Amino acid sequence: MATENSSPPAPKPSLSSAVKVRKTPVKAGPLPEVPEVKVITPMGWMHTARFLTTAAELFHLPALDVPEIAFVGRSNAGKSTCINTLTQQKQLAFASKKPGRTQHINLFSLGKQGVTDAVLADLPGYGYAAVPKQDKLRWQKVMANYLVTRENLKGIVLLCDPRLGMTELDEVLLEVIRPRVEEGLNFLVLLTKSDKLTRSEGAKALSIAKLQAGGGQAKLFSALKKQGVEDLAQLMWDWTHVPEPDGTHD
Ligand code: GDP
């Protein structure tokens, strides 16, 4: 038990007592130069998107040596909304809907100005009823040729409204790209408008899409609820920046 004349308790160690106090004043001088390190996140990288070019024919597309990711899907699947949400630019992909450009391949550059390190290709939506049959057939050919022959193509995102599921034209496209996917081309089935599905409907649609994707992946996405946006940006970054398993990085 403590008594009145017991010695006072030892002072508790405080942070200030652990810090040596410098006696000599320091003259203020210029701070040493610290190299600026700019860390770009996949989302920040996506926001650098800007219009590069548009082409009505395959041979009009510039040959590029940076990785390219193609966005494809039937018209009304939510492709323009997805690209605009991903790049946080209201009008970028809607440029593809301007009269005269609806049947063009539109390219968008990614990366800081002057250092494009990847390209997004917005392919025309297919299956739009009002397009004359001849134009539809011509476009299916251009698109198939692009998907099969584009050398710098690093991945394909197929957008699909899960309430409709894969349409006949989606299936045709899957068949066209299957050999490249089997050879290792990145492939994602993106189930759009997921805000319209209950949790269990979403899970069911996802497992069906995973089977349909063959060697590819499937994800849920909602522009309205911002579901899956960061995840998609990260995947696009990984497809275009993570070295190949054999150590090459093209
Ligand atoms: P595109 O023809 O594939 O480019 O499709 P759009 O981006 O124009 O979208 C077609 C329709 O779907 C439009 O009415 C959009 O507002 C709607 N839409 C797109 N994304 C979403 C979403 O995430 N949620 C909901 N509820 N509607 C969406």
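Reading the values: the criteria
- Residues numbered from 1 in each chain as written.
- Predicted model: local features only at pLDDT ≥ 70, side-chain atom pairs only at ≥ 80, totals over all residues.
- Heavy atoms only, no water.
- Pairing = 2+ DSSP bridges.
- Helix = DSSP H or I, 4+ residues; strand = E, 2+ residues; numbered from the N terminus.
- Axes fitted to C-alpha atoms, helices over the stretch in contact; angles between N-to-C directions.
- Phe/Tyr/Trp six-rings, centres within 6.5 Å; stacked < 30°, edge-to-face > 60°.
- Buried < 20%, exposed > 50% of the residue type's maximum accessible area, 1.4 Å probe, protein only.
- Salt bridge = Lys/Arg side-chain N within 4 Å of Asp/Glu carboxyl O.
- Expected span 1.5 Å × (residues − 1).
- Arc of directions from axis to C-beta.
- Core = buried A, V, L, I, M, F, W, Y, C linked by side-chain atoms within 4.5 Å.
- Contact = heavy atoms within 4.5 Å.

Pairing within the open sheet is mixed, and its 7 strands lie in the order E1-E3-E4-E2-E5-E6-E7. With partners counted over all chains shown, the strands left at the sheet margins are strand E1 (50–55) and strand E7 (217–220), one partner each. Averaged over all pairs of adjacent strands, the angle between their axes in this sheet comes to 25°, without regard to strand direction. Across 5 bridges, the pairing between strand E3 (residues 105–110) and strand E4 (residues 118–122) is antiparallel. Each bridged residue has a counterpart across the sheet, and for phenylalanine 108 the counterpart in E4 is leucine 120.

The next thing to look at is the packing of aromatic side chains. Tallied over the full model, the rule gives 2 aromatic pairs. Their ring planes at 90° and their centres at 5.2 Å tell us that tryptophan 45 and tryptophan 237 sit as a pair that is edge-to-face. Residue tryptophan 45 is found in helix H2 (residues 42–46), and its partner tryptophan 237 is found in helix H7 (residues 229–241); the two are separated by 192 residues along the sequence. Assigned by exposure class, tryptophan 45 and tryptophan 237 land together as buried.

Here the focus is the pattern of salt bridges. For the coordinates displayed, the defined rule picks out 7 salt bridges. For aspartate 161, the salt bridge goes to arginine 163, with nearest N and O atoms at 3.0 Å. Note on aspartate 161: relative accessible area 8%, which makes it buried. A salt bridge links lysine 219 to aspartate 231, with the nearest nitrogen and oxygen atoms 3.3 Å apart. Of this pair, lysine 219 sits in strand E7 while aspartate 231 sits in helix H7; the two residues are 12 residues apart in sequence, bridging distant segments of the chain. By sharing partners, the salt bridges in this structure join Asp161, Arg163 and Lys193 into a single network.

The subject of this paragraph is helix H4 (residues 133–149). Helical periodicity: at 3.6 residues per turn, an α-helix aligns residues three or four positions apart in one direction. For H4, with 17 residues, the first-to-last C-alpha span of 24 Å sits near the 24 Å given by 1.5 Å per residue. Every buried residue of H4 is listed here: Trp139, Val142, Met143, Tyr146 and Leu147. Taken around the axis of H4, the buried residues stretch over an arc of 125°, which confines them to a single face. Across from the buried face of H4, at angles greater than 90 degrees, the exposed residues are Lys133, Gln134 and Lys141.

What follows concerns unusual backbone geometry. A positive phi angle is found at lysine 193, which is not glycine, with a value near 55°. With respect to the helices, strands and loops of the structure, lysine 193 is situated in the loop between strand E6 (186–191) and helix H6 (199–212). On the basis of relative accessible area, lysine 193 is assigned to the partly exposed category, the value being 23%. Even without being glycine, lysine 226 reaches a positive phi, approximately 55°. By secondary structure assignment, the location of lysine 226 is in the loop between E7 and H7. Note on lysine 226: relative accessible area 57%, which makes it exposed.

Turning to the nonpolar core, a few remarks are in order. Counting 36 residues, the largest nonpolar core has Leu123, Tyr146, Leu147, Phe187 and Val189 as its most contacted members. Here the element with the most residues in this core is H4; it accounts for 5 residues. Beyond its immediate sequence surroundings of up to four residues, phenylalanine 187 is in contact with Ile156, Leu158, Leu174, Ile177, Val181, Ala213, Gly216, Gln217 and Trp239. Of all hydrophobic cores here, the second largest spans 28 residues; its members include Cys82, Leu86, Leu232 and Trp237.

All quantities given are derived from atomic positions and should not be read as evidence of function.
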